[in-house]
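Reading the structure
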Amino acid sequence: MAQLSSGPRAVGAGSWLIWRALRGFWRQSLVGDPLSEASLAEALGRFLWGPLPTLMALAALTGVIAGISVASVLEVYDAELLIIGALYDVLLRQILPLVVGIFASGSVSVELASRLGAMSLAREIDALEAMGHDPVPRVLGGPVVAVLAASPVHMLLAALAAFAGAALPLHLSANVAYQGLAHLAVSNAAAQALLTGMAKALLFAALAFGVGAVVGSRPVRIPADIGRRAGRAFTTGLLLIFVAAALWTGLA
């Protein structure tokens, strides 16, 4: 893969790589390429199922922190439905998508940059090109499908974990009934907020993937470059995710 420049063009370069990977993977799937199927199965394990325990633990702890804070507010203000409804809305629209995005920046971006760097150092990318294969769908096709498929699943399960984490302190400290919490969690307002959160999580996952692909696509000359690229991918992905979150919030 050609060397790609950094800076403002990183988003465009990442989008281009994602498009090439998806288009190439689709074509390979249509002809029943067994390597594509194996790549997707392996990527789903790494990017969808593998991170779930840690992500759900983070979401549950986020819910506990939010629940404790709201419980202390309810001790002063008697507006249970209003305050808890606002809590759910903020969790689903703002906090949990950022948790999923930060997690993606720390896993997807870093892993992609490290993996592509190792392949570049071992000249595996050059070998694919020498055999007449487009390395983008071969290397990135399965992972990009897995990452994009994982983001709504991760957001949904993170919401369930966060609600469960928030329910405990709200019930114990503020005497809020579990039935009332469950009713608010399945309301139309919560469903709309969850859809917004899923859209944000999908955008953040795409940004994390694009950054990892762009940073990892640069030639690696020595093994130490791999670690430096992984760190750069994490910080750049994190910055872009927060910029996107701020822009979304400001324009909404």
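Our subject is the structure listed above.
The structure contained in this document is the topic of the report that follows.

Cut-off values and rules
Residues numbered from 1 in each chain as written. Predicted model: local features only at pLDDT ≥ 70, side-chain atom pairs only at ≥ 80, totals over all residues. Heavy atoms only, no water. Helix = DSSP H or I, 4+ residues; strand = E, 2+ residues; numbered from the N terminus. Buried < 20%, exposed > 50% of the residue type's maximum accessible area, 1.4 Å probe, protein only. Contact = heavy atoms within 4.5 Å. Areas by Shrake-Rupley, 256 points an atom, 1.4 Å probe, with all protein chains shown as cover. Lys, Arg positive; Asp, Glu negative; His and termini not counted. Charge placed at Lys NZ, Arg CZ, Asp CG, Glu CD. Expected span 1.5 Å × (residues − 1). Bend = angle between axes of the 7 residues up to and from the residue. Polar contact = N/O pair within 3.5 Å; in protein donor to acceptor, adjacent residues only side chain to side chain. Salt bridge = Lys/Arg side-chain N within 4 Å of Asp/Glu carboxyl O. 1 Å grid on protein atoms, 1.4 Å probe; cavity = no way out; pocket = protein on both sides within 12 Å on 5 of 7 lines; lining within 4 Å. Points joined across faces, edges and corners; volume = space filled by probe spheres on them. Nonpolar A, V, L, I, M, F, W, Y, C, P; charged D, E, K, R; others polar. Core = buried A, V, L, I, M, F, W, Y, C linked by side-chain atoms within 4.5 Å. Axes fitted to C-alpha atoms, helices over the stretch in contact; angles between N-to-C directions. Parallel < 35°, antiparallel > 145°, perpendicular 65-115°, else oblique. Left-handed = near helix turned anticlockwise from the far one by under 90°.

**Quick notes on the overall build of the protein**
Helix and strand content of the protein: nine helices and zero strands. Per-residue burial for the protein yields a buried fraction of 44% across its 252 residues. Across the protein, contacts joining residues at least 24 apart in sequence account for 85% of those joining residues at least 6 apart. About 12200 Å² of surface is accessible on the protein, with carbon and sulfur atoms providing 69% of the total. Of the charged side chains in the protein, 15 are positive and 13 negative; the average position of the first set lies 13 Å away from that of the second.

**A few points about helix α2 (residues 34-49)**
Given 3.6 residues per turn, any residue in an α-helix points the same way as the ones three and four places further on. The terminal C-alpha atoms of α2 lie 21 Å apart, and with 16 residues this matches the ideal 22 Å at 1.5 Å per residue to within 8%. Of all the bends found along α2, the most pronounced is centred on A43 and spans about 25 degrees. Every buried residue belonging to α2 is among S36, S39, A43, F47 and L48, and all of these are buried. One side-chain oxygen of the residue at the start of α2 lies 3.0 Å from the amide nitrogen of L35, identifying that residue as D33.

**Details of the pattern of salt bridges**
Enumeration according to the criterion identifies seven salt bridges in this entry. Put simply, R46 and E42 hold a salt bridge, and the shortest N to O gap is 2.5 Å. Remark: E42 and R46 occur in helix α2; sequence separation between them is four residues, near one turn of the helix. By relative accessible area, which is 37% here, E42 ends up partly exposed. One salt bridge connects R46 with E111, and the closest N-O pair in it is separated by 2.3 Å. Taken together, the residues R46 in helix α2 and E111 in helix α4 (residues 80-121) connect sequence positions 65 residues apart. One salt-bridge network, held together by shared partners, links E42, R46 and E111.

**Section: the layout of surface pockets**
Here the largest pocket is characterised by a volume of approximately 220 Å³. Around the largest pocket, the lining comprises 12 residues; the ones closest to its centre are S120, I125, D126, P219 and V220. Among the elements of the structure, α4 and α5 (124-130) are those that each provide at least two residues to the lining of the largest pocket. Tallied by class, the residues present in the lining of the largest pocket amount to six nonpolar, three polar and three charged. Reported here for the second largest pocket is a volume of approximately 180 Å³. Among the secondary structure elements, those contributing two or more residues to the lining of the second largest pocket are α1 (9-30), α2, α4 and α6 (135-174).

**Some details on the nonpolar core**
Formed by 33 residues in total, the largest nonpolar core has its most connected members in I84, L87, L92, L96, M155 and L170. Looking at this core, the elements with two or more residues in it are α3 (52-74), α4, α6, α7 (178-185) and α8 (188-216). Ranked by the residues each element gives to this core, the list is headed by α4, at 10 residues. The contacts of L92, once residues within four sequence positions are left out, are P97, M155, A159, F163, A190, A193, L194 and G197.

**Things to note about unusual backbone geometry**
The general pattern is negative phi for most residues beyond glycine and trans for most peptide bonds. Residues other than glycine seldom take positive phi values, yet R123 does so here, at roughly 60 degrees. By secondary structure assignment, the location of R123 is in the loop between α4 and α5. A relative accessible area of 56% places R123 in the exposed class. Even without being a glycine, N175 presents a positive backbone phi close to 55 degrees. Tracing the backbone through its elements, the reader meets N175 in the loop between α6 and α7. Taking the relative accessible area as the measure of exposure, N175 reaches 66% and is therefore exposed.

**Details of the packing of α4 against α8**
Direction vectors running N to C along α4 and α8 enclose 20 degrees, while the axes themselves pass 7 Å from each other. With respect to α8, the element α4 is oriented roughly parallel. Between α4 and α8 lies a crossing whose hand is right-handed. Of the residues belonging to the contact of α4 with α8, the class tally is 20 nonpolar, 10 polar and three charged.

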